[in-house]
Amino acid sequence: MISPFCVRSRIPMIYSVSMTQKTFLAVKPEAFKRNDTVGIVKMLEEKLGAKCLAMKAYTPSQELAEAHYAVHRERPFFGELITSFTSGPILGMVWEGENVIEKARELMGATNPEQAAEGTIRKAFAKSISDNAIHGSDASETAENEIKLHFPEANFSVIAKPSAEAENLIKASV
Ligand code: IDP
Ligand code: MG
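This write-up is about the structure you can find in this document. Sequence positions are assigned chain by chain, starting from 1 and proceeding in written order. To label them, take the chains in the order written and letter them from A, then take the ligands in the order written and number them from 1. Restriction of local features to residues with pLDDT of at least 70 applies here, the model being predicted, together with a cutoff of 80 or more for giving and counting side-chain atom pairs; totals for whole chains, interfaces and linings are based on all residues. Water and hydrogen atoms were dropped before computing side-chain values, which therefore reflect all heavy atoms in the structure.

Observations regarding the site of ligand 1
Defined as follows: Distances are taken per atom, and a residue is near a molecule or strand as soon as one of its heavy atoms is within 4 Å of it. Contacts described as polar in this section are N or O atom pairs within 3.5 Å, which, within protein, must combine one atom able to donate a hydrogen with one able to accept it, while residues neighboring in sequence count only if both atoms come from side chains. Areas reported as accessible are Shrake-Rupley estimates using a 1.4 Å probe. Residue values count occlusion only from the protein chains shown. Under the grouping applied here, Gly and all other residues not named as nonpolar or charged are polar, the nonpolar ones being Ala, Val, Leu, Ile, Met, Phe, Trp, Tyr, Cys and Pro and the charged ones Asp, Glu, Lys and Arg.
The local shell around ligand 1 consists of Lys28, Tyr69, His72, Phe77, Leu81, Arg105, Thr111, Arg122, Ile129, Ser130 and Asn132. Within the side chain of Thr111, one N or O atom sits 2.5 Å away from an oxygen atom of ligand 1. At 2.9 Å from an oxygen atom of ligand 1 is found a main-chain nitrogen or oxygen belonging to Ile129. Contact with the protein chains covers 80% of the free accessible surface of ligand 1, which is 530 Å². Considered class by class, the residues forming the shell around ligand 1 number four nonpolar, four polar and three charged.

Next comes the structure, spelled out in structure tokens:
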């Protein structure tokens, strides 16, 4: 019998190993206009190792764009960023998989495409730091907020849950 103290202390360790997560990804307006959408989704399908739960094309309103990029409000490029994000349709998506947030960030590549590694989406499709083809959530809290913001109509009640393997370990330890 393992003590409750031990159970409590083990859970965060198990969670950090393997998590089924959801993330919000979006093909940005400039890439959408260049018809790069299919190529980007193909890379996600082939390389992300996750499944797409939802996908829709829409032009973000000023309000949506400002909420989405609220963390950058004080940055000098904020105005340009909002103008860009509201300039036409984006393809907003929710993807689910093991550690999908970090894996998607890796597959996206560096924010500045000059620093993006070979084989990444930004290396293949981005033109500049302000026209860098794709957005992806950077942490589980931002993923949860962004999914609620962009898919208010969908009921994604569980944003992140432990893998089956981790759940079994947790059950076995109680
Ligand atoms: P991320 O998209 O890789 O998460 P963030 O730092 O969150 O990068 O920045 C959000 C977006 O703002 C970037 O994708 C990029 O389009 C734009 N951005 C970031 N830094 C600059 C900059 O120095 N000049 C112009 N645009 C920028
Ligand atoms: Mg970001």
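Regarding the pairing of strand 1 (residues 19-27)
The side chains of a regular strand alternate, residue by residue, between the two faces of the sheet. To be explicit about the condition: Only protein chains enter the area calculation, which uses a 1.4 Å probe; residues under 20% of their type maximum are buried, those over 50% are exposed, and those in between are partly exposed. Put simply, DSSP marks the helices as runs of H or I at least four residues long and the strands as runs of E at least two long, and each gets a number from the N terminus on. Two strands pair under a simple rule: DSSP has to find at least two bridges between them.
Within strand 1, nine of the nine residues are buried, which leaves the element mostly enclosed by the surrounding structure. What you see with strand 1 is no split at all: Met19, Gln21, Thr23, Leu25 and Val27 on one side and Thr20, Lys22, Phe24 and Ala26 on the other are buried throughout. Relative to strand 3 (residues 90-98), strand 1 runs antiparallel, the two being bridged by eight bridges. Opposite Ala26, over in strand 3, you have Gly92 as the bridge partner. Here strand 1 runs beside strand 4 (residues 134-136); their pairing, made up of three bridges, is antiparallel. Its bridge partner lying in strand 4, Val27 is registered against Ile134.

Points about the packing of aromatic side chains
Filter applied, for reference: Note on aromatic contacts: the rings of Phe and Tyr and the six-membered ring of Trp form a pair at centre separations within 6.5 Å, being stacked when their planes are under 30 degrees apart, edge-to-face when over 60 apart, and tilted otherwise.
Summed over all chains, the structure comprises three aromatic pairs. On the basis of an interplanar angle of 65 degrees and a centroid distance of 6.4 Å, the ring pair of Phe24 and Phe151 is categorised as edge-to-face. Taken together, the residues span a long stretch of sequence, with Phe24 in strand 1 and Phe151 in the loop between helix 8 (140-150) and strand 5 (160-162) at a distance of 127 residues. Taken individually, Phe24 and Phe151 each receive the classification buried, so the pair is uniform in this respect.

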